Structures are given as C-alpha cells and as structure tokens.
Amino acid sequence: KIKEAGKQMLLNDDLETELLDEILQTRHLAQGNPERVCAELTAMLKVARAERLVLGHTPTIMLGARPGNPIVRCEGRLLLTDVAMSRWMGGGMPAALVLEADSLGALTRIYIM
C-alpha cells in the first residue's frame, strides 16, 4: 500500500504529504543492505523518471566515511552527501555537488568535492 501511495503521489504531483515526509526522513537507503537498497533505488528512480538520487539526512561519517567525504553507491545512482559541515554537526569540511550537462541537457560529469 505504501509503495502504491508513493507512486500515486509522484504521478499526481502531490508531494506535500505526511507519507512523503516520512519517506524522506528514513535512513534505510543510507544504512540498509546494499543489494536490497540498490534494487529499491532502481524501482524508485523508474517511478520518478530519474537517473540518480541525492540524499542528505545521514552524516556520512556515521557510515564510515572520512570527515567531509560523501559516499557514492549503487553504481553512482545513489549519492549520500551529508558531510556534517554545519556547526550543529561538528563543523565538518565543506563539500559541494556539481553536476555538468552537455548542450542537450544530458549529464556528462558529476563532481563531489
């Protein structure tokens, strides 16, 4: 039911819902079993007609990354970008996500610095 409700929200462009807030607050995509996470991500991206998902909310240092370093998973389709740079999270190293596209709008490069 939740999966179908999420699909309907995307199809109806109804993104101001408690269910979506709950989906966005979960950490299972960042902390879950990589095989299951990548399979679920593939399905989510298909429904959303997207190529990648960029996530915050879970500081990458909690997942074993060095301070200031993002994590890339699922063959580059899942980008975990919360590097805990705010003063409330310890004031980690600043980082930026840069997406470059060609003249037709196709993604050509992703930089995470």
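Preceding block: the structure.
On a predicted model such as this, the values are computed, not experimentally measured, just so you know.

**Observations regarding the state of the cysteines**
As enumerated under the stated definition, the model contains one disulfide in all. There is a disulfide in this structure between Cys38 and Cys74, and the S-S distance comes to 2.1 Å. Its torsion about the S-S bond being -90°, the disulfide of Cys38 and Cys74 is classed as left-handed. Of this pair, Cys38 sits in helix 4 (residues 34-48) while Cys74 sits in the loop between strand 2 (71-73) and strand 3 (78-80); the two residues are 36 residues apart in sequence, bridging distant segments of the chain.

**Topic: the sheet that holds strand 3**
Note: strands within a sheet are paired through backbone hydrogen bonds, in either parallel or antiparallel orientation. Read from one edge to the other, the open sheet built from three strands follows the order 1-3-2, with strand pairing classed as mixed. Pairing within the sheet leaves two strands with one partner each, and these edge strands are strand 1 (53-55) and strand 2. Along the sheet, successive strands turn relative to each other by an average axial angle of 15°, direction set aside. Pairing of strand 2 with strand 3, which is carried by three bridges, proceeds in the antiparallel orientation. Counterpart to Val72 in the pairing with strand 3 is Leu79.

Rules and cut-offs
- Residues numbered from 1 in each chain as written.
- Predicted model: local features only at pLDDT ≥ 70, side-chain atom pairs only at ≥ 80, totals over all residues.
- Heavy atoms only, no water.
- Disulfide = S-S within 2.5 Å.
- Helix = DSSP H or I, 4+ residues; strand = E, 2+ residues; numbered from the N terminus.
- Pairing = 2+ DSSP bridges.
- Axes fitted to C-alpha atoms, helices over the stretch in contact; angles between N-to-C directions.

The values reported here are purely geometric and, on their own, carry no functional implication.
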